[in-house]
Amino acid sequence: MIQLENITVKFNDFEALHNISLEVKDGEFFTFLGPSGCGKSTTLRTITGFIPLCNGRIIVNGNDITNVPIEKRNIGIVFQSYALFPSMTVYENIAFGLEIRNLPKDEIKSKVYEIIKKVDLSEMHLSRAVTELSGGQQQRVAIARALVTSPSIICMDEPLSNLDAKLRIGLRNELKRMQREIGITTIYVTHEQDEALTISDRIAVFNKGNIEQIGTPNEIYNKSKTEFVCNFVGDINKLNEKIIDLMQLEKTKQHYVRLERIHVNPANKDNLFILKGKVKSSEYYGFYIKYYIETPHQTIKVIEKNDGINFYTNGSEVVIGIAKEDIMSY
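Being a predicted model, the structure only gives us computed values, none of them experimental.

K.L.:
An account of the overall build of the protein is needed here, citing residue identities and associated values.
P.N.:
Across its full length, the protein holds nine helices and 18 strands. Residue burial in the protein is summarised as follows: out of 330 residues, 47% are buried. When contacts within the protein are restricted to residue pairs at least 6 apart in sequence, long-range pairs at least 24 apart make up 64% of them. For the protein, the accessible surface area stands at approximately 16,600 Å², while carbon and sulfur atoms represent 47% of it. Distance between charge centroids for the protein: 1 Å, based on 40 positive and 41 negative side chains.

K.L.:
Help me get a handle on the sheet that holds strand S2 (residues 14-24), residues and values and all.
P.N.:
Pairing in this open sheet of four strands is antiparallel, and the strands run S2-S1-S4-S5 from one edge to the other. Each of the sheet's edge strands pairs with one partner strand only, and the pair in question is S2 and strand S5 (63-64). With seven bridges connecting them, strand S1 (residues 2-11) and S2 associate as antiparallel partners. Across the sheet, residue Lys 10 finds its bridge partner in S2, namely Glu 15.

K.L.:
So what about the packing of aromatic side chains? Which residues, and what values?
P.N.:
Taken as a whole and assessed by the stated rule, the structure comprises 10 aromatic pairs. Residues Phe 32 and Phe 206 carry aromatic rings whose centres are separated by 5.2 Å and whose planes lie at 55° to one another, so their mutual orientation is tilted. Of this pair, Phe 32 sits in strand S3 (residues 29-33) while Phe 206 sits in strand S9 (residues 202-207); the two residues are 174 residues apart in sequence, bridging distant segments of the chain. Note on accessibility: Phe 32 and Phe 206 belong to one class, buried. Taken together through their ring pairs, the aromatic side chains of Phe 30, Phe 32 and Phe 206 make up a single cluster. Sitting above the plane of the Tyr 221 ring, Arg 258 keeps its charged end 4.1 Å from the centroid.

K.L.:
Lay out unusual backbone geometry with the relevant residues and their values.
P.N.:
Look at Asn 102: it is not a glycine, yet its phi comes out positive at around 60°. Judged by its relative accessible area of 67%, Asn 102 is exposed.

K.L.:
Which residues make up the nonpolar core, and what values go with them?
P.N.:
Residues Ile 94, Val 112 and Val 141 are the most contacted members of the largest nonpolar core, which totals 34 residues. When contributions to this core are tallied by element, the ones reaching two or more residues are helix H2 (90-100), helix H3 (105-118), helix H4 (135-147), strand S7 (153-157) and helix H5 (165-182). With six residues, H4 is the single largest residue contributor to this core. Every residue in contact with Ile 94, bar those within four places of it in the chain, is listed here: Val 112, Ile 115, Ile 116, Leu 126, Val 141, Ala 144, Arg 145 and Val 148. Counting 25 residues, the second-largest nonpolar core is a separate cluster that includes Met 1, Ile 2, Leu 4 and Ile 7.

K.L.:
Tell me what's going on with the environment of Tyr 221, and back it up with residues and numbers.
P.N.:
Residue placement: Tyr 221 occurs in helix H7 (residues 217-222). Taking the C-alpha atoms as reference points, Tyr 221 and Arg 258, 37 residues apart in sequence, are found 9.1 Å from one another. The residues touching Tyr 221, leaving out its near neighbours within four places in the chain, are Leu 197, Val 233, Gly 234, Arg 258, Glu 260 and Met 328. Within polar-contact distance, the side chain of Tyr 221 engages the side chain of Glu 260 at 2.7 Å.

K.L.:
Please provide a residue-by-residue account of the sheet that holds strand S10 (residues 210-215), values included.
P.N.:
Strand order in the open sheet formed by six strands is S6-S7-S8-S3-S9-S10, and the pairing between neighbours is mixed. Looking at the sheet topology across the chains shown, the edges are occupied by strand S6 (75-78) and S10. Averaged over neighbouring strand pairs, the angle between their axes works out to 15° when direction is ignored. Here S3 runs beside strand S8 (residues 185-190); their pairing, made up of five bridges, is parallel. For Thr 31, the partnering residue across the bridge sits in S8 and is Tyr 188. The strands that helix H1 (residues 40-48) touches are S3, S6, S7, S8 and S9; relative to S7, the one it contacts most, it runs at about 150°. Of the strands in this sheet, S6 and S7 are in contact with H4, which crosses S6 at around 170°.

K.L.:
Quick one: what's the story with the side chain of Thr 48, residue by residue and with numbers?
P.N.:
Within the secondary structure, Thr 48 is located in helix H1. Within the local environment of Thr 48, its side chain forms a polar contact with the backbone oxygen of Arg 45, the two atoms lying 3.2 Å apart. With residues near it in sequence (within four places) discarded, Thr 48 still touches Ile 70, Arg 73, Ile 75, Ile 77 and Cys 155.

K.L.:
Describe the packing of H4 against H5, with residues and values.
P.N.:
Packing of H4 against H5 brings their axes to within 11 Å, and their N-to-C directions diverge by 20°. The orientation of H4 with respect to H5, classified from their angle, is roughly parallel. In terms of crossing hand, the pair formed by H4 and H5 is right-handed. Here Gly 136, Gln 139, Arg 140, Ile 143 and Leu 147 of H4 lie close against H5, whose contacting residues are Leu 167, Leu 171, Glu 174, Leu 175, Met 178 and Ile 182. By residue class, the composition of the contact of H4 with H5 is seven nonpolar, two polar and two charged.

Calculation rules
All residue numbers here refer to positions counted from 1 along the written sequence of the relevant chain. The predicted nature of this model means local features are confined to residues of pLDDT at least 70 and side-chain atom pairs, given and counted, to a pLDDT of 80 or more, with totals for whole chains, interfaces and linings taken over all residues. In computing side-chain properties, one takes all heavy atoms of the structure into account and sets aside hydrogens as well as water. Numbering of helices and strands runs from the N terminus, with a helix taken as a DSSP run of H or I at least four residues long and a strand as a DSSP run of E at least two residues long. For every residue, the accessible area (1.4 Å probe, protein chains only) is compared with the maximum for its type, and the residue is labelled buried under 20%, exposed over 50%, or partly exposed between those bounds. Contacts: residue pairs with any heavy atoms within 4.5 Å of one another. Per-residue and other accessible areas follow the Shrake-Rupley method at a 1.4 Å probe size, with only the shown protein chains counted as cover for residues. Positive charge is attributed to Lys and Arg, negative charge to Asp and Glu, and no charge count is given to His or to the chain ends. Lysine's charge is taken at NZ, arginine's at CZ, aspartate's at CG and glutamate's at CD. Two strands are said to pair when DSSP picks up at least two bridges between them. Any two of the Phe, Tyr and Trp rings considered here, Trp counted by its six-membered ring, make a pair once their centres fall within 6.5 Å; the pair's planes then place it as stacked at under 30 degrees, edge-to-face at over 60, or tilted in between. Here, a charge over a ring is recorded when the distance from Lys NZ or Arg CZ to the ring centre is within 6 Å and its angle to the ring normal is within 35 degrees. Buried Ala, Val, Leu, Ile, Met, Phe, Trp, Tyr and Cys residues that are joined via side-chain atoms within 4.5 Å together make up what is termed a nonpolar core. Polar contact is the term for a pair of N or O atoms within 3.5 Å; when the atoms are in protein, one must be able to donate a hydrogen and the other to accept it, and sequence-neighboring residues count only if both atoms are side-chain atoms. Whenever a helix is involved, its axis is fitted only over the stretch in contact; in every case the axis is a line through C-alpha atoms, and angles between N-to-C directions fall within 0 to 180 degrees. Small angles under 35 degrees read as roughly parallel and large ones over 145 as roughly antiparallel, with 65 to 115 read as roughly perpendicular and the rest as oblique. Whether a crossing is left-handed or right-handed is set by the direction in which the near helix is turned from the far one by less than a right angle, anticlockwise for left-handed and clockwise for right-handed. Each residue gets one of three labels, nonpolar for Ala, Val, Leu, Ile, Met, Phe, Trp, Tyr, Cys and Pro, charged for Asp, Glu, Lys and Arg, and polar for the others, Gly among them.

Here it is, written out as structure tokens:
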């Protein structure tokens, strides 16, 4: 559906993107993930046409759109700031793109009423000024405006970052639901790892203008290809030299293990590297508990499911077990 071929972008002497290549499949929810300044939003804006390329090509459905004007790319865009017109009603904001195309008023009305159902807005919202709406409702209006023109692709640049945490979680689930129902190819930019893992079909992890890894959420999290991905996505333990030596791991590499892969007081110790330790502190999250366990060699972070029965207090002596196959090495 979308192919980026050796994309390079420069701002004066600064090269923001270094030969970026990737492919987004038809109907896929594809996320660009990475820290601030890594190139993910720049890549999105090359696809939409806001940023010109120095080198490379953008192919959509077999057509080269590298030099096609923004308005002719048939790509819907949802901005971080929503970019709604504050002097217009909800109806006028959603209908704006259709009116520019000089569609008949009846057709515009029909399309607006159809799209608000898909983004969970009601007819009562249409006559209100967008400034009267909550942040979540404004975001729905922005999504409706992007979708109402029936684009082949929708691009979203950190669309939930201005919302509070609870609303953000609810809306990201709604976004995924809408995307599945409509079946539109979606490119989504975020720096939130949990958000990317939750809603994406595949993820490209960016770092300093390069792509470190492309894969499913499971591949990104459990089969991180680079040390950067391993550290950036989720929490992790980096094993120190003493444990590396005791486990007979390759000394020329760095070794990591995810928190939930470590077993506390395992009933079956077969094939596990065992360490004795004491609970130094804990963090209670409800569904799970995060423990900091002090061993003779280093403090190890562990996540245990909260069963409502077993809780290790500070100072509790425990045994932890690590399986070699759960270690990621670079």
